[in-house]
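Coordinates in review
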Amino acid sequence: MTTKESVTVSNSAGSMTTLLISTMNRSQFVERQLRYYANIGFDGQILIGDSSNADHVGRTKKIVEEVADQIQIDYTEYPHLTYAECLQTLLDRVSTKYAAVLPDDDFTVPRGLERSVQFLEENPEYVACQGAAVILTLESGGAYGKVQWLGRYNQRSIEGANATERLIDHLCNYSVTLFALYRVEAWRDMFRDLSSIEDRTFGGELLPCCLSVILGKVKKLDSLYLVR
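Here we summarise the structure given alongside this text. Since the model is a prediction, treat every value here as computed from it, not as a measurement.

1. With respect to the overall build of the protein chain
A tally of regular secondary structure across the protein chain gives nine helices and nine strands. Relative to a compact globule of 228 residues, whose C-alpha radius of gyration would be 17 Å, the protein chain shows 17 Å and is just as compact. If you line up the protein chain on its principal axes, its C-alpha atoms span 50 × 45 × 35 Å. In the protein chain, 78% of the contacts between residues at least 6 apart in sequence involve partners at least 24 apart. Between the mean site of the 23 positive side-chain charges and the mean site of the 30 negative ones, the protein chain shows a separation of 4 Å.

2. What about the environment of V134?
Topologically, V134 is positioned in strand β6 (residues 126–138). Separated by 94 residues in the primary sequence, V134 and R228 have C-alpha atoms spaced 6.1 Å apart. Excluding residues within four positions of it along the chain, V134 makes contact with L150, G151, R152, Y153, L224, L226, V227 and R228.

3. Observations concerning the side chain of T108
Within the secondary structure, T108 sits in strand β5 (residues 107–108). Residue classification places T108 among the buried positions, given a relative accessible area of 1%. Of note is the side chain of T108, whose polar atom sits 2.8 Å from the side chain of Y37. In this view, T108 contacts L19, Y36, Y37, L102, L113, Y225 and L226; residues no more than four positions away in its chain are not counted.

4. Quick look at the nonpolar core
With 60 residues, the main nonpolar core has L34, I46 and W187 as its most contacted residues. Top contributing element to this core by residue count: helix α5 (residues 83–91), with six residues. When neighbours within four sequence positions are excluded, W187 is seen to be in contact with L91, A99, A100, V101, L178, A180 and Y182.

5. So, the packing of aromatic side chains
Summed over all chains, the structure comprises seven aromatic pairs. Taking 4.8 Å as the distance between ring centres and 75 degrees as the angle between the ring planes, the aromatic pair formed by Y36 and Y37 counts as edge-to-face. The class of Y36 is partly exposed, set by a relative accessible area of 22%. Judged by relative accessible area, Y37 falls into the buried class, the value being 1%. Members of the aromatic cluster, each reached through a chain of ring pairs, are Y36, Y37, F42 and F107. Over the face of the ring belonging to F29 we find R26, whose NZ or CZ atom lies 4.1 Å from the ring centre. Over the ring of Y153 we find R228, and its NZ or CZ is 5.0 Å from the ring centre.

6. Some details on a nonpolar patch on the surface
The grouping of L171, Y174, F202 and L206 at the surface amounts to a nonpolar patch, some 340 Å² of accessible area in total. Among the secondary structure elements, F202 is positioned in helix α9 (residues 200–215). A relative accessible area of 40% means that F202 is categorised as partly exposed.

7. Quick look at the pairing of strand β9 (residues 217–227)
Along a regular strand, successive side chains alternate from one face of the sheet to the other. Across two bridges, β5 lies against β9 in antiparallel orientation. Residue pairing in the sheet places F107 in a bridge with V227 of β9. Across seven bridges, β6 lies against β9 in parallel orientation. When the bridges of β9 are listed, V134 appears paired with V227.

Procedures and definitions
- Residues numbered from 1 in each chain as written.
- Predicted model: local features only at pLDDT ≥ 70, side-chain atom pairs only at ≥ 80, totals over all residues.
- Heavy atoms only, no water.
- Helix = DSSP H or I, 4+ residues; strand = E, 2+ residues; numbered from the N terminus.
- Rg over C-alpha atoms; globule rule 2.2 N^0.38 Å.
- Contact = heavy atoms within 4.5 Å.
- Lys, Arg positive; Asp, Glu negative; His and termini not counted.
- Charge placed at Lys NZ, Arg CZ, Asp CG, Glu CD.
- Buried < 20%, exposed > 50% of the residue type's maximum accessible area, 1.4 Å probe, protein only.
- Polar contact = N/O pair within 3.5 Å; in protein donor to acceptor, adjacent residues only side chain to side chain.
- Core = buried A, V, L, I, M, F, W, Y, C linked by side-chain atoms within 4.5 Å.
- Phe/Tyr/Trp six-rings, centres within 6.5 Å; stacked < 30°, edge-to-face > 60°.
- Lys NZ or Arg CZ within 6 Å of the ring centre and 35° of its normal.
- Patch = residues over 30% accessible without salt bridge, like charges linked within 9 Å, V, L, I, M, F, W, Y side chains within 5 Å.
- Areas by Shrake-Rupley, 256 points an atom, 1.4 Å probe, with all protein chains shown as cover.
- Salt bridge = Lys/Arg side-chain N within 4 Å of Asp/Glu carboxyl O.
- Pairing = 2+ DSSP bridges.

Set out below in structure tokens:
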């Protein structure tokens, strides 16, 4: 069985990283996520923006209290905020050099996260780095149960010499770049003026993905980075 020590993110990588989680009425997924990070010994920051109703807020606060002595969590209620507004608010509070935005049902893999930090430290022309990703569904449709299906989730490098080349490449072979590890200043540029856009698909994914490749290169490493 894998030991806790063998999967713990290194102090240098973890301490340079913040995970941003925006959630609404999905406390069971947040609980699963936080227990995972507590179990692997994640030593970075976790910022949670919660727009849930009172029942889910109560459940999430309970699990936050349970694991608060194991991981660094900053939990805040943000009622009535859109997804983009919540992320924009969370980004204003990040103090680390790198950050990853995670849906409340996703997990970053320690080794993949560590390698992404190392790559960005050594390659300043890149704004983001990620690794391979898989996606799965459960028979229950909820946070726990038997795996029903497992497959590859498309992630790739976008490394054109200029913004025009990268944007054309991105739109001709679209993939979601939002789950990579980014330099924090890039995240802030991507979400700076998106809070007024009501369409979540456009304002919360398509536009910031396009902005990400305009800002710089995105690298995919040969290492498992994300489980969706």
